[in-house]
Amino acid sequence: MPATFFCLGQRVVRHPVLAQEIASRGHDVGVHGYEHAHHFARGPGWIARDLDRALDAVTGAGLP
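The following paragraphs examine the structure supplied in this document. In this text, all values refer to a predicted model and were calculated from it rather than measured experimentally.

## Quick word on the nonpolar core
Counting 11 residues, the largest nonpolar core is built from Cys 7, Val 12, Ala 19, Ile 22, Val 29, Tyr 34, Ala 54, Ala 57, Val 58, Ala 61 and Leu 63. Taken together, the elements giving at least two residues each to this core come down to α2 (16-24) and α3 (44-60). With 3 residues, α3 is the single largest residue contributor to this core. Setting aside residues no more than four positions away along its own chain, Ala 61 makes contact with Val 12, Pro 16 and Gln 20.

Structure below.
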């Protein structure tokens, strides 16, 4: 049964092979932001940049 693994972008950057392995086994890799910071204390611009960085990390690891 496939699962979704929500990963921090900074961890995907450090361990791209692990993210690729997760995907190769039929699972989805989702993002949980780039940093592990509370979004409630941040403005919308910071949140957008954090999520963009996380998506770029996943794409940079060769994942869809």
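## Description of the packing of aromatic side chains
Across all of its chains, the model carries 0 aromatic pairs by this definition. The ring centre of Trp 46 lies 4.5 Å from the NZ or CZ of Arg 42, which sits over that ring. In this structure, Arg 53 packs its charged tip against the face of Tyr 34, placed 3.8 Å from the ring centre.

Definitions and cut-offs
Residues numbered from 1 in each chain as written. Predicted model: local features only at pLDDT ≥ 70, side-chain atom pairs only at ≥ 80, totals over all residues. Heavy atoms only, no water. Core = buried A, V, L, I, M, F, W, Y, C linked by side-chain atoms within 4.5 Å. Buried < 20%, exposed > 50% of the residue type's maximum accessible area, 1.4 Å probe, protein only. Helix = DSSP H or I, 4+ residues; strand = E, 2+ residues; numbered from the N terminus. Contact = heavy atoms within 4.5 Å. Phe/Tyr/Trp six-rings, centres within 6.5 Å; stacked < 30°, edge-to-face > 60°. Lys NZ or Arg CZ within 6 Å of the ring centre and 35° of its normal.

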